[in-house]
Amino acid sequence: MSLPGTPYQTVPTDYFARRGLRRYAGVFSLWALGVGAVISGHYSGWNLGLLAGGWGGYALAALAIAAMYLGLVFCIAEMAAALPHTGGAYSFARASMGPWGGFVTGLCENVEYVLTPAVVVSFLATYLAAVFDTPTVWLPLYWIAGYMLFVTLNVLGVELSFRVTVIVTLAALACLAVFWLSALPVAEFSRYALNIGAGPDGRPVELPQGHGPLLPFGLNGALAALPFAVWLFLAIEQLPLAAEEAMQPSRDIPRGIVAGLLTLFVSAGLVVWLNASVAPGAFQLATSGEPLLDGFRATFGSDLAKLLALVACVGLISSFHTILFAKGRQIYSLSRAGYFPRFLSITHPRHKTPHVALIAGSGVALALMLGLWFGMGAEKGAAVIQGMLLNMAVAGAMLSYVLQAVSFLVLRIRLPKLARPYRSPMGVAGAVVTLLVAAVTLVYQLLDPVFVSGIVGVCAWFALGILWFALVGRHRLVLSPEEAFALTARKTASVGD
């Protein structure tokens, strides 16, 4: 039954009591959550764009993507401080663009947070199989075990979840630091990083002695590398999803997300420079599924390969655990407000964690992975999981960035007097940079046949989601904190007009 004069339905008196969260996180825990979500991209994935632009083209792309994330993070910090609700991007868009805007933005993030852990656990299984000489046919067992273990850790309480997050994030950074220190004495930038050239047909060729051009494919190569450079920072935007579990969200989330991004700037710069500056060099590194391990082999020798592969798992574990956290909260917030089926937002009666959302989201991801694996065969299925699903996650993220930048601009215009405990130092310019770079990145995804399948997959995801919302979801909305704020903000704007 809807409340008179509103699209919202009445709910049982214990509705929100059964959907409670527990506050625990401070700035340091939030910093670890943001860095931990991203750090696997510094272990693998970032390198796949080296052949698109050469080292110099990739570096330019990384700088453009860094500028986009800087603008985005400042926008998010301002909006999260003003709207300290678990909804994150959905909450920002709901307040600025209404229920449809909120739902579509939430759906963009949903693609990213459901599929990114699936890709990460697939890479993790590949590493573990190399360590323990596991036959390829058994890789799905690693996926299932990974989901079971880390979903359980996330369900057992926010305190345990954040403690694990801090430990694995610090361990992942420590592993990277060991590599940086070991690579510095042997790095040969001109020989190894600049060993990509353009052949007579315009395709990349390896230059055995290095000393090639900085931009072998010109500025177009740098633009083509944009979608790959996203992996250096993807998922830092998840911090606002912890708003209702932060001790002082309006203060702590801006500090945590800005500190996290600055940490990632340093790590990304060192990885792109040093990993490409040791053997086997940028050309071979561009097709490697384990670039950090290749770097360790160059500095410590291949005899320690299995031990180093096990060490490299730390970064993948860090991202897998922290993005699972984000997925649970993202599904929880949309469900609590009625956009997704409401039962998904029920929290554990003792631990106060969104266990239903965590299990359901992980079940969808595992079903997709197993369907691809058994439907297409092990080899082709693995390629699609680490290719198409990865591309879908990036596309969903870019669309959400565009919509979050628009939300920032609309809130600045419509609600100039909104209490903003934190204000973006880049202001409107930061939102414009975010919007433009994200849009260009999406365009270059469409121009690359490798990424097109991911775009098609996102469109299918959207079609199903929009059909659900049009027929069911929009008639079952609940006056959650995000919705209540949006209504109050609209009334305030109307009075001001």
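This is a predicted model, so every value here is computed, not measured. (Residues numbered from 1 in each chain as written. Predicted model: local features only at pLDDT ≥ 70, side-chain atom pairs only at ≥ 80, totals over all residues. Heavy atoms only, no water.)

Remarks on the packing of aromatic side chains
Per the counting criterion, the structure on display carries 20 aromatic pairs. Ring centres of Y339 and F469 lie 5.3 Å apart, and the angle between their planes is 15°; this geometry places the pair in the stacked category. With a gap of 130 residues between them, Y339 in the loop between α13 (305-336) and α14 (355-376) and F469 in helix α17 (residues 449-471) connect regions that are remote in the sequence. Taking relative accessible area as the criterion, Y339 reaches 0% and is therefore assigned buried. Site record: aromatic cluster; members linked through ring pairs are Y90, W100, F103, Y339, F340 and F469. Between the NZ or CZ atom of R329 and the centre of the ring of F325, over which it lies, the distance is 3.9 Å. (Phe/Tyr/Trp six-rings, centres within 6.5 Å; stacked < 30°, edge-to-face > 60°. Helix = DSSP H or I, 4+ residues; strand = E, 2+ residues; numbered from the N terminus. Buried < 20%, exposed > 50% of the residue type's maximum accessible area, 1.4 Å probe, protein only. Lys NZ or Arg CZ within 6 Å of the ring centre and 35° of its normal.)

Brief notes about the packing of helix α3 (residues 50-82) against helix α10 (residues 249-276)
Contact geometry for α3 and α10: axes closest at 9 Å, N-to-C directions at 175°. Between α3 and α10, the angle falls in the class roughly antiparallel. Between α3 and α10, the residues in contact are W55, Y58, A66, Y69, L70, V73, F74, I76, A77, A80 and A81 and S250, I253, P254, I257, V258, L261, F265, V272, W273 and A276, respectively. Grouping the constituent residues of the contact of α3 with α10 by class yields 20 nonpolar, one polar and no charged. (Axes fitted to C-alpha atoms, helices over the stretch in contact; angles between N-to-C directions. Parallel < 35°, antiparallel > 145°, perpendicular 65-115°, else oblique. Contact = heavy atoms within 4.5 Å. Nonpolar A, V, L, I, M, F, W, Y, C, P; charged D, E, K, R; others polar.)

Describing the packing of helix α4 (residues 89-132) against helix α5 (residues 139-155)
Put simply, α4 and α5 touch, their axes get as near as 9 Å, and they point 125° apart. The angle between α4 and α5 falls in the class oblique. Judged by the sense of rotation from one axis to the other, the crossing of α4 with α5 is right-handed. Judged by residue contacts, V114, P117, A118, V121, S122, A125, T126, L128, A129 and F132 of α4 engage L139, Y142, W143 and Y147 from α5. (Left-handed = near helix turned anticlockwise from the far one by under 90°.)

Brief notes about the layout of surface pockets
Reported here for the largest pocket is a volume of approximately 640 Å³. Around the largest pocket, the lining is made up of 32 residues, and of these L48, F123, T287, S288 and Q386 lie nearest the centre. Of all the secondary-structure elements, those providing two or more residues to the lining of the largest pocket are α3, α4, α5, α9 (226-229), α15 (378-414) and α17. It is α15 that provides the largest number of residues to the lining of the largest pocket, a total of six residues. By volume, the second largest pocket amounts to about 490 Å³. Looking at the second largest pocket, it is lined by 22 residues, and the ones nearest its centre are N110, V114, F340, V364 and W461. Contributing elements (two or more residues each) for the lining of the second largest pocket: α4, α14, α15 and α17. A total of six residues in the lining of the second largest pocket trace back to one element, the largest contributor, which is α17. Class assignment of the residues belonging to the lining of the second largest pocket gives a composition of 18 nonpolar, four polar and no charged. (1 Å grid on protein atoms, 1.4 Å probe; cavity = no way out; pocket = protein on both sides within 12 Å on 5 of 7 lines; lining within 4 Å. Points joined across faces, edges and corners; volume = space filled by probe spheres on them.)

Focus: the side chain of E483
With respect to the element layout, E483 can be found in helix α18 (residues 481-496). Residue class for E483 comes out buried when judged on its relative accessible area of 0%. Not counting residues within four places of it along the chain, the set of residues in contact with E483 comprises Y8, Y90, R94, A337, Y339 and V478.

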